[in-house]
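Observations on chain architecture
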Amino acid sequence: MSQTTYRAPESGEFAFDAENEALAQRIIARYPEGRHRSAVIPLLDIAQRQNGGWLSKEAVEFVAGRLGMAPIRVHEVASFYSMFNKNPVGKYLLQVCRTTPCWLRGSDSLTQTIKEICGIEIGDTSEDGLFTLIEVECLGACCNAPMVQINDDYYEDLTAKSLDKILDNLKNGRVVEKGSQTGRIASARQDGPHILVDFDPNPVSSGILRGDAVDEEAPGPGSAPTPDPSLEEKADAAGKRPAGLDRPRNGKADALIKIKGIGPANEAALAKLGIFHFDQIASWSPEEATWVGTFLAFPGRIEHEEWIQQAKTLAGRKA
Ligand code: FES
């Protein structure tokens, strides 16, 4: 009987640091024994982030070794998905969507703006190492076309002028406004609602969108799922519960959904923990972030999505 063999992975100098190793272990533990290779995509993502935004051969083969996979299988995954970069990229990876809705709404002018401001062509990295430009297909934000993804964030409703400003702010280390550049909420019509104008939205979901007070008792699409008591036990074992408030200060909660990674359900779940304001999240210690991440059943995501950093920025802007 023939047997498939493969050369041993060559991890070289690459290895997860302690924090990423702990995160990798938690991810791998989600899969039953014998199915750990299912963790290949999240582990490649961790490796790419640790490796400065791209996957070297050593990083890919480290993941192969970590999961007991043939290196070729992991190379196949890494080369199939466009979110994995096979070459070094700049500090800011600019992905211009060029699919029809964005193209009709001016994506060519966005690409041209980047070329002129950064002095690069598609596929290049600027001399200062700040920007890499690539064009991609639909990123699923067509309602707010044209749009560009910069690292993990979407910048929507762009014009050449607003993109110019974003690039300038990034270049000079200034805070940039993510999401719609015209103030549009989610993918609502730009000129306001034309249907359901007398609809009385659920207090929780409408409060979340407008930053109003959150009615914790109200059910609705944005309400938190019933907490699993075992998650609280796990969270207590993993970290330290952050102090919460009885109610939002001045009866008005911050719109925590402005923090990338927090959606309506998580905002409602945080409200149940007494977390209503950016400055509360901004002050979390690592142990408190771990507690919340475990409680919300996505350990490690708070750190990856930099909730605390985002909250500090938003709290500073509010002050
Ligand atoms: S076409 Fe650009 S996000 Fe869909």
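Rules behind the numbers
Residues numbered from 1 in each chain as written. Predicted model: local features only at pLDDT ≥ 70, side-chain atom pairs only at ≥ 80, totals over all residues. Heavy atoms only, no water. Patch = residues over 30% accessible without salt bridge, like charges linked within 9 Å, V, L, I, M, F, W, Y side chains within 5 Å. Areas by Shrake-Rupley, 256 points an atom, 1.4 Å probe, with all protein chains shown as cover. Salt bridge = Lys/Arg side-chain N within 4 Å of Asp/Glu carboxyl O. Helix = DSSP H or I, 4+ residues; strand = E, 2+ residues; numbered from the N terminus. pLDDT = per-residue confidence, 0-100. Contact = heavy atoms within 4.5 Å. Axes fitted to C-alpha atoms, helices over the stretch in contact; angles between N-to-C directions. Parallel < 35°, antiparallel > 145°, perpendicular 65-115°, else oblique. Nonpolar A, V, L, I, M, F, W, Y, C, P; charged D, E, K, R; others polar. Phe/Tyr/Trp six-rings, centres within 6.5 Å; stacked < 30°, edge-to-face > 60°. Pairing = 2+ DSSP bridges. Disulfide = S-S within 2.5 Å. Buried < 20%, exposed > 50% of the residue type's maximum accessible area, 1.4 Å probe, protein only. Core = buried A, V, L, I, M, F, W, Y, C linked by side-chain atoms within 4.5 Å. Expected span 1.5 Å × (residues − 1). Arc of directions from axis to C-beta.

We now examine a nonpolar patch on the surface. Taken together, the side chains of Ile41, Phe80, Tyr81 and Met83 present a nonpolar region at the surface, about 420 Å² in accessible area. Of note, Tyr81 is situated in the loop between helix H4 (71–80) and strand S1 (92–97).

Another point: unusual backbone geometry. Ala145 connects to Pro146 through a cis peptide bond whose omega is 0 degrees. Within the element layout of this structure, Pro146 appears in the loop between strand S2 (131–136) and strand S3 (148–150). In the Ramachandran plot, Asn250 falls in the positive-phi region, its phi being about 55 degrees despite a non-glycine side chain. Within the secondary structure layout, Asn250 lies in the loop between helix H9 (229–238) and helix H10 (264–272). Here Glu306, not a glycine, exhibits a phi torsion of approximately 55 degrees, which is positive.

Before going further, it helps to examine the confidence of the model for the protein. Should the pLDDT be low somewhere, the predicted coordinates at that spot are not to be read in detail. Across the protein, the average pLDDT comes to 86, with 85% of residues at 70 or higher. Low pLDDT (under 50) marks residues 200–225, which in the prediction has 44 contacts with non-local residues, meaning those over four places away or in another chain.

Our next topic: the packing of helix H1 (residues 18–28) against helix H2 (residues 40–50). At a minimum axis separation of 10 Å, H1 and H2 run at an interaxial angle of 170 degrees. The pairing of H1 with H2 is recorded here as roughly antiparallel in orientation. Counted together, Asn20, Leu23, Ala24, Ile27 and Ile28 of H1 and Pro42, Leu43, Ile46 and Gln50 of H2 form the full contact between these two elements. The residue makeup of the contact of H1 with H2, split by class, is seven nonpolar, two polar and no charged.

Any two aromatic rings considered together are summarised by their centre-to-centre distance and by the angle between their planes. A complete count under the given rule lists six aromatic pairs for this structure. In this structure an aromatic cluster arises from ring pairing among Phe14, Phe16 and Phe62.

Attention shifts here to the sheet that holds S2. As summarised here, the arrangement of the five strands in space is S2-S1-S3-S4-S5, forming an open sheet in which the pairing is mixed. Looking at which strands have only one partner, the edges of the open sheet turn out to be S2 and strand S5 (179–180). Pairing analysis gives six bridges linking S1 to S2, with the strands arranged parallel. The residue bridging Tyr92 from the neighbouring strand is Phe131, located in S2. Sheet contacts for helix H6 (residues 107–118): S1, S2 and S3; angle to S1, the most-contacted strand, approximately 155 degrees. Across the sheet, helix H7 (residues 160–171) is in contact with S1, S2, S3 and strand S4 (153–156); its angle to S2 comes to roughly 145 degrees.

Our next topic: the state of the cysteines. Counted under the stated rule, the structure contains zero disulfides. Residue Cys143 stays outside any disulfide, its sulfur separated by 6.5 Å from that of Cys142, the closest cysteine. In this structure Cys143 comes out as exposed when scored by relative accessible area, which is 56%.

The next thing to look at is the packing of H2 against H4. The interhelical angle for the contact between H2 and H4, taken along N-to-C directions, is 75 degrees, at an axis separation of 11 Å. As far as their axial angle goes, H4 and H2 are roughly perpendicular. The segment H2 lies against H4, with Val40, Ile41 and Leu44 engaging Val74, Val77 and Ala78. Per-class residue counts for the contact of H2 with H4 are six nonpolar, no polar and no charged.

Residues Ile259, Leu270, Ile281, Trp284, Leu296 and Trp307 are the most contacted members of the largest nonpolar core, which totals 25 residues. Taken together, the elements giving at least two residues each to this core come down to H9, H10, helix H11 (278–282), helix H12 (286–295) and helix H14 (307–318). For this core, the element with the most residues is H14, which contributes five residues. The residues contacting Trp284, other than those within four sequence positions of it, are Pro242, Leu270, Ile275, Ala289, Val292, Ile302, Trp307 and Ile308. Core analysis: the second largest hydrophobic core is formed by 24 residues, Leu43, Leu44, Ile46 and Leu55 among them.

Take the pattern of salt bridges next. Following the criterion strictly, the structure yields 14 salt bridges and no others. A salt bridge links Arg98 to Glu137, with the shortest nitrogen-to-oxygen separation between them at 2.8 Å. Placement of Arg98 in the loop between S1 and helix H5 (100–104) and of Glu137 in the loop between S2 and S3 is noted, with a sequence separation of 39 residues between them. For Asp157, the salt bridge goes to Arg184, with nearest N and O atoms at 2.6 Å. Of the two residues, Asp157 sits in the loop between S4 and H7 while Arg184 sits in the loop between S5 and helix H8 (203–210), which places them 27 residues apart along the sequence. Considered together, Asp157 and Arg184 belong to a single accessibility category, that of buried residues.

Helix length check: H14, at twelve residues, gives a terminal C-alpha distance of 16 Å against a target of 16 Å (1.5 Å per residue), a fit within 8%. Here H14 has its buried residues at Trp307, Ile308, Gln310, Ala311, Leu314 and Ala315. For H14, the buried positions fall inside an angular range of 155 degrees around the axis, keeping them on one side. In this fold, the buried residues of H14 make contact with H10, H11, H12 and helix H13 (301–304).

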